[in-house]
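Chains, contacts and geometry: an overview
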Amino acid sequence: MGLLETIGGPADLRRLDRSQLDALAAEIRTFLVRSVARTGGHLGPNLGVVELTLALHRVFDSPSDVLLFDTGHQSYVHKLVTGRREGFETLRQKGGLSGYPSRAESPHDVIENSHASTSLSYADGMAKAFQLQGRSDRRVVAVIGDGALTGGMAWEAINNIAAGDRPVVIVVNDNERSYAPTIGGLARHLATLRTTRGYERFLDWGKATLARTPVVGQPIFETLHGMKKGIKDIVAPQGMFEDLGLKYVGPVDGHDIDALEHALRQAKAFGGPVIVHAITRKGNGYQPAESFEADLFHAVGVIDPETGEPLASSGTSWTSVFADEMVTIGASRPDVVGITAAMCIPVGLDSFARAYPGRVFDVGIAEQHATTSAAGMATAGMHPVVAVYATFLNRAFDQVLLDVALHKCGVTFVLDRAGVTGDDGASHNGMWDLSILQVVPGLRLAAPRDAETLRQELREAVAVDDAPTVVRFPKGKVPAAIPAVGTVGGCDVLRREGDEDVLIVSVGAMAGLCLEVADRLTAQGVGVTVVDPRWVKPVDPALVPLAARHDLVVTVEDGVRRGGVGGAVAQALRDAGVLTPLRDFGIPEQFLDHGKVAEVNAEIGLTAQEVSRQVVEAVAKLSASYGSATFS
Ligand SMILES: Cc1ncc(C[n+]2csc(CCOP(=O)(O)OP(=O)(O)O)c2C)c(N)n1
Ligand SMILES: CC(=O)[C@@H](O)[C@H](O)COP(=O)(O)O
Ligand SMILES: [Mg+2]
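Quantities reported herein were computed from a predicted structural model and do not represent experimental measurements.

So, on to the sheet that holds strand 3 (residues 168-174). Judged by pairing direction, the sheet is parallel, and its 5 strands sit side by side in the order 1-2-3-5-4 without closing on themselves. On the outer flanks of this sheet lie strand 1 (66-69) and strand 4 (247-253), each paired with one strand and no other. Going across the sheet, the axis of each strand differs from the next one's by a mean of 20°, ignoring polarity. Two elements, strand 4 and strand 5 (residues 274-279), share 5 bridges in a ladder whose sense is parallel. Residue pairing for strand 5: Val249 is matched across the bridge by Val276. Contacts between helix 6 (residues 119-132) and the sheet are confined to strand 1, strand 2 (140-145) and strand 3, with strand 2 contributing the most and set at about 175° to the helix.

Looking now at the domain arrangement of the protein. Here the protein is partitioned into domain 1 (3-291), domain 2 (318-474) and domain 3 (486-629). One C-alpha centre belongs to domain 2, the other to domain 3, and the line joining them spans 27 Å. Facing 34 residues of domain 2, the contacting portion of domain 3 comprises 34 residues. Our enumeration of links across domain 2 and domain 3 arrives at 6 salt bridges. A salt bridge links Arg534 to Glu460, with the nearest nitrogen and oxygen atoms 2.8 Å apart. Summed over the shared surface of domain 2 and domain 3, the number is 19 residue pairs in polar contact (both at pLDDT 80 or more).

Two elements in contact, helix 19 (residues 511-522) and helix 23 (residues 608-626), have axes whose closest approach is 9 Å; the angle formed by their N-to-C orientations is 45°. By the criterion of interaxial angle, the relationship of helix 19 to helix 23 is oblique. Seen along the crossing, helix 19 lies across helix 23 with a hand that is right-handed. Seen from helix 19, the contacting residues are Leu513, Glu516, Val517, Arg520 and Leu521; seen from helix 23, they are Ala608, Gln609, Val611, Ser612, Val615 and Val616. Grouping the amino acids of the contact of helix 19 with helix 23 by side-chain chemistry returns 7 nonpolar, 2 polar and 2 charged.

Below, the discussion takes up the nonpolar core. Of all hydrophobic cores here, the largest spans 51 residues; its most connected members are Ile28, Leu32 and Leu43. When residues of this core are assigned to their parent elements, the largest contribution, 8 residues, is made by helix 2 (residues 18-39). Beyond its immediate sequence surroundings of up to four residues, Leu43 is in contact with Leu32, Val33, Val36, Tyr286, Phe297, His298, Val300 and Ile303. Residues Leu415, Leu437, Val493 and Val553 belong to the second largest nonpolar core, which totals 49 residues.

With mixed pairing, the 6 strands of this open sheet are ordered in space as 12-13-15-14-17-18. Of all strands in the sheet, those bounded by a partner on one side alone are strand 12 (486-488) and strand 18 (582-587). For this sheet, the mean angle separating the axes of adjacent strands, direction not counted, is 25°. Relative to the sheet, helix 19 contacts strand 13 (491-497), strand 14 (502-506), strand 15 (528-532) and strand 17 (552-560), its axis offset from that of strand 14 by approximately 165°. Packing of helix 23 onto the sheet brings it into contact with strand 14, strand 17 and strand 18, and relative to strand 17 it is tilted by some 150°.

Definitions and limits used
- Residues numbered from 1 in each chain as written.
- Chains lettered and ligands numbered in written order.
- Predicted model: local features only at pLDDT ≥ 70, side-chain atom pairs only at ≥ 80, totals over all residues.
- Heavy atoms only, no water.
- Pairing = 2+ DSSP bridges.
- Helix = DSSP H or I, 4+ residues; strand = E, 2+ residues; numbered from the N terminus.
- Axes fitted to C-alpha atoms, helices over the stretch in contact; angles between N-to-C directions.
- Contact = heavy atoms within 4.5 Å.
- Domains from an automatic or database assignment.
- Salt bridge = Lys/Arg side-chain N within 4 Å of Asp/Glu carboxyl O.
- Polar contact = N/O pair within 3.5 Å; in protein donor to acceptor, adjacent residues only side chain to side chain.
- Parallel < 35°, antiparallel > 145°, perpendicular 65-115°, else oblique.
- Left-handed = near helix turned anticlockwise from the far one by under 90°.
- Nonpolar A, V, L, I, M, F, W, Y, C, P; charged D, E, K, R; others polar.
- Core = buried A, V, L, I, M, F, W, Y, C linked by side-chain atoms within 4.5 Å.
- Buried < 20%, exposed > 50% of the residue type's maximum accessible area, 1.4 Å probe, protein only.

Next up, the structure:
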């Protein structure tokens, strides 16, 4: 039996000696590679926090002391040592362990939200609560990556934490990157701290060691000391964090458990707000990750554990179609630039960046800044394309509304991972954009159904220079082409069969499902028209008379029903006095647990079978209530 099998909880860690801890760390790395290779997940980030997590659980007493993991993608080791080694093979599987902390799984887990930069605000809030409750014995420890530290919320929190005297321990997990190397002044400052503070520690060592050999040692030490003084004067006399009022501990080798425990105990004993600066390496200990320069295996699918090679099927992704079309557009539109929030490759802007150096801006994990800086660029004559995952635009709603749309800025937002994304759980589903963006005056929203409509609608979007435009598409492989058989207004007609009984309004990637529903309906003698509006906001006026000619309107969207496209079409019909009944299908107003996309869609009834069943039921009710004149 290995050591990992003997760890039922953090207390078991505290009885291990250094050699056992090193052995345990090695076992955990082997376990993670084997398990995540089968399930997929955030292998690189978790390989980087093995020693850090062990040290945290030895120094602090979770769950009385609260351990918060920012973004939460690096919490696998935490799960392994808090009683979840057994069952870890169910990671990110439906009904199995979440890939992020989960309160339902363990009292050791707090932040379930996978959106970055939230942990320090939680920490500030919890520390204030503990102080009010007289629980000065409870420490709050937030582990935040250097990438997440580029998010604005983190600095709002630091400003508050530094203003108080509460025992908040901020552990900066500094591996110098998000997916790619972390950008900006903060990254530069962390690098300076790594250098000078590390240098200082070296000199302290030198003072102790060399001073014991005065004849040779002293002159060497004097030389080094002179160098240090020089360096110290060049860079900040003390770190930014200390200037803000936080005690700074570090930098500490994030893979040396003794050093980590020493630093964490210092921080714990301090009793006030303190930063521990841990230097780690993403992918540490697994050569395929360490050598995969693009993102050090930040997030992998199913891979060969020996080689790290992906075992998942190939095929053209929505992202790659976007990436290629951007390069085409960029050639004739020198005003078009790309903006990414630390996800240049995942969102498909890397090809554009290579083709047009200097025209892609990585702003860090800072979607709000991405949006308003895009408004600035548009105001100054550029056409920015802000490429983010759909769910991450949620946090920039105010910026879209009042920095972009209010000023009629020509900014294009490309939302990848729209709809159910599955593996990453509730906070990653791109299910809210179709609803929250409905209320943005002047904003135009397109939902392509295949590669060709993505290319067309992207070109149409970047041609708009007086309003925000949005193009949104799902995760994964783009479907085979879905040709139109005609057009009505701006809508593509995808199917027209039999009488005008049911009009199906298909939103974006729901086209395949809608055509399958049409097949099922026509097989039962129900006449069906399927249209794809392409641009779903504003509602295409041609839909109104078309709806008036049908006996039932059905809308299908991969977004939350409340306030979605279905609601907007229903409102347009009401406003026009068209009384055709409408049934809207979409994602329920719920947080959806992780699972494969098909499993989640089946669970929420977003399948051809379920939609058909409900439509046939509605048709039967209408026929019964209006007599057979309907649906003749
Ligand atoms: C608001 C938001 N934007 C983007 C992401 C996508 N994302 C997940 S992890 C990650 C990089 C995080 O870097 P860091 O905080 O340094 O953690 P590391 O992976 O290096 O441990 C990003 C950009 C996110 N989770 N949340
Ligand atoms: C944690 C995070 O936000 C990202 O790493 C996300 O998990 C990546 O999602 P994809 O795998 O869909 O690119
Ligand atoms: Mg990082």
